[in-house]
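# Summary of structural features
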Amino acid sequence: MADEAKAKGNAAFAAGNFNEAIKHFTDAINLAPTNHVLYSNRSAAYASLHRYSEALSDAKKTVDLKPDWSKGYSRLGAAHQGLHQYPDAVSAYKKGLEIDPNNEGLKSGLADAQSAAGKRSRPSPASAGSPFGDIFSGPEMWAKLTADPTTRLLLQQPDFLKMMQDIQKNPSNLNLYLKDQRVMQALGVLLNINMRAGGPGDDLEVPGEDSYRPSERESEEPVVRQNQREPEPEPMEVTDEDKEAKSRKAEAQREKEAGNAAYKKKDFDTAIGHYTKAIELDDEDISFLTNRAAVYLEMSKYDDCIKDCDKAVERGRELRSDFKMIARALTRKGTALAKMAKSSKDYDLAIEVFQKALTEHRNPDTLKKLNDAERAKKELEQQEYFDPQIAEEEREKGNECFKQQKYPEAIKHYTEAIKRNPKDHRAYSNRAASYTKLGAMPEGLKDAEKCIELDPTFAKGYTRKAAVQFFMKEYDKALETYQEGLKHEPSNQELLDGIRRCVEQINKASRGDLTPEELKERQSKGMQDPEIQSILTDPVMRQVLMDLQENPKAAQEHMKNPMVMNKIQKLASAGIVQVR
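Residues numbered from 1 in each chain as written. Predicted model: local features only at pLDDT ≥ 70, side-chain atom pairs only at ≥ 80, totals over all residues. Heavy atoms only, no water.

On to the overall build of the protein chain. Along the backbone of the protein chain there are 30 helices and zero strands. When the 580 residues of the protein chain are sorted by exposure, 46% land in the buried category. When contacts within the protein chain are restricted to residue pairs at least 6 apart in sequence, long-range pairs at least 24 apart make up 59% of them. A total of about 30,500 Å² of accessible surface is found on the protein chain, and carbon and sulfur atoms cover 49% of it. (Helix = DSSP H or I, 4+ residues; strand = E, 2+ residues; numbered from the N terminus. Buried < 20%, exposed > 50% of the residue type's maximum accessible area, 1.4 Å probe, protein only. Contact = heavy atoms within 4.5 Å. Areas by Shrake-Rupley, 256 points an atom, 1.4 Å probe, with all protein chains shown as cover.)

The next subject is unusual backbone geometry. Its identity is not glycine, yet K266 carries a phi of approximately 65°, on the positive side. Mapping K266 onto the fold places it in the loop between α12 (243-264) and α13 (268-281). Residue classification places K266 among the exposed residues on the basis of a relative accessible area of 59%. Although it is not a glycine, R320 adopts a positive phi angle of roughly 55°. Relative to the assigned elements, R320 resides in the loop between α15 (302-319) and α16 (323-340).

Enumeration according to the criterion identifies four aromatic pairs in this entry. Between F13 and F18, the ring centres sit 5.2 Å apart and the planes meet at 65°, which makes this aromatic pair edge-to-face. A single burial state applies to F13 and to F18, both of which are buried. Aromatic side chains Y263 and F268 sit 5.9 Å apart centroid to centroid with 50° between the ring planes, which places their arrangement in the tilted category. Among the residues examined, Y263 registers a relative accessible area of 27% and is labelled partly exposed. (Phe/Tyr/Trp six-rings, centres within 6.5 Å; stacked < 30°, edge-to-face > 60°.)

On to the side chain of T481, then. Turning to its location among the elements, T481 is positioned in helix α24 (residues 475-486). Excluding anything up to four places from it in sequence, T481 contacts Y462, K465, A466 and Q469.

With that settled, consider the environment of N17. In this structure, N17 sits in the loop between α1 (2-14) and α2 (18-31). Looking at N17, the relative accessible area reads 37%, which means it is partly exposed. Sequence separation of N17 and L49 is 32 residues, and the distance between their C-alpha atoms is 9.8 Å.

So, on to helix α19 (residues 388-403). With 16 residues, α19 should cover 22 Å at 1.5 Å per step; its first-to-last C-alpha distance of 23 Å lies within 8% of that length. Within the sequence span of α19, burial applies to A391, E394, R395, G398, N399 and C401. Looking straight down α19, one finds its buried side chains confined to an arc of 165°; they lie on one side. Turned more than 90 degrees away from the buried face of α19, the exposed residues are Q389 and K403. Contacts made by the buried residues of α19 are with α20 (407-420) and α21 (425-437). Backbone geometry just downstream of α19 places Q405 in the positive-phi region, at approximately 60°. (Expected span 1.5 Å × (residues − 1). Arc of directions from axis to C-beta.)

A few words on the layout of surface pockets. If you add up the space inside the second largest pocket, you get close to 280 Å³. R328, T331, R332, D365 and T366 are the residues nearest the centre of the second largest pocket, which is lined by 15 residues in total. When contributions to the lining of the second largest pocket are tallied by element, the ones reaching two or more residues are α14 (287-298), α16 and α18 (364-385). Top element by residues in the lining of the second largest pocket is α16. It accounts for six residues. (1 Å grid on protein atoms, 1.4 Å probe; cavity = no way out; pocket = protein on both sides within 12 Å on 5 of 7 lines; lining within 4 Å. Points joined across faces, edges and corners; volume = space filled by probe spheres on them.)

This next bit is on the pattern of salt bridges. With the rule as written, the count across this model stands at 35 salt bridges. Put simply, R426 and D424 hold a salt bridge, and the shortest N to O gap is 3.1 Å. On the basis of relative accessible area, R426 is assigned to the partly exposed category, the value being 30%. Several salt bridges share partner residues, and in doing so they unite E392, R395, E396, D424 and R426 into one network. (Salt bridge = Lys/Arg side-chain N within 4 Å of Asp/Glu carboxyl O.)

Below, the discussion takes up the nonpolar core. Among the nonpolar cores identified, the biggest contains 41 residues, and V295, C305, L330, A336 and Y347 are the most heavily contacted of them. When residues of this core are traced back to their parent elements, those giving at least two are α12, α13, α14, α15, α16, α17 (347-360) and α18. In contact with C305, other than residues within four places in its own chain, are A293, Y296, L297, R332 and A336. Residues F160, V183, I532 and L536 belong to the second largest nonpolar core, which totals 29 residues. (Core = buried A, V, L, I, M, F, W, Y, C linked by side-chain atoms within 4.5 Å.)

This paragraph deals with the environment of R426. On the secondary structure map, R426 appears in helix α21. For the pair R426 and G461, spaced 35 residues apart in sequence, the C-alpha separation works out to 8.4 Å. Contact partners of R426, with chain neighbours within four places excluded, come to E392 and R395.

Distances and angles like these do not, on their own, reveal function.
Below is the structure:
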């Protein structure tokens, strides 16, 4: 039977099993191919899986079968929006509003689609992907490269020409070609900086008078409306024969209002009496149940609250109630479960219920409760797992493995030690050393920074961090880390030796003692550093560099400024400029 397959589809959709829901809706369609609601429901399931093409096809079929049903246009708009066809989405929502002008779902969808369409229509600057994007735009780039004798001949090389065309098309691709010295040379021409891979006799190279500012990136975030669950049926018309039923409904609403008033006064027993009477008068409005559940929640009668919420969800499914009402009932049930939780496992059911509520309606309050429950679960897990004695045993096992150069095994033990005692900075320091031995520099750096965060006076944390930075050839950063460690332990020989090694490497670059290959590698790495990029695009620093070449007297004044001197040193360390 089509109704049976449809009911199974609705249940699967509510549980978040969208593939299963599609299967059941398809079975129902095969039995009742002219039922517009079935196509609408399957469209919602497809959209939940981001299969917007199939969702669009079913939405169109829904509108074809029943063009005067506003829900069909809601499905159509959502599918167009998922495909980023914003003008079509706007048109669909507007058609739906012509049929049902007060439909909040259509109004919300229209607003989202119009906002997304506005963002899409705004022109994105060509330079949004790179701080150097402006210099690659338009014919000016080719004019500069042609005018310079060092790059004019390069334009005759097909592979170089192709690289520059690719960079002009998408400036963010610059990082892909920075290791090619020809690209570095062209970049220097465009920036008016002569970056040569020369020897010790090269003079300081500075930018010219032209300056540029990197364009800010405009982020375009696609707006996808939340998929609504099964559409509501068209409201039943009340006939003259339903006067008694209407009277009972009106009386139920009065009881509800009285219950609300008592609830606000915190007269909970009276509120429960009114809501119970409303439920007896009208069992087709689940808000009476959810309101009584809220009172039970305030009274800490969590079992009674959960029972009312379950009844509201069950009855709401039967009545095809507003999905927001279903979500409200599930949220209150989840809140009661979370308040009853005594252990980390007790939160599992609460989290599951909150997630189901969000599939019905993505309410910010429900999302916050979900996040709170997940955080509380994690905190309880840590408390339940916390054992400093076992943590120390695991750390010692890790130390033994480290001495035997069994670094993966050492990491395993250190990780267990951290889980058992997350506040032990030594475990992070030891694991950082193991990661460094395995060449996992990002992980080693993260652990070293966590070690310093837990104990800023622990000198070993600074040596771990600086060692990773030195290995990554970030000598200026490593120097800063070693110096920070000396503030806490001035006589630490490991820190002092680290400073000496960093200074040697930095001076080597400053003197121009690097080989062409080393200089090329350092320049490529430096140009990818956001800090270096920021210095080069700073108009003040561009003027300083110009004065260093053309106005020695003004340069002497600049060098008295510690901030300026520090930036010059960073450029020299990166191989971008050379000083004599």
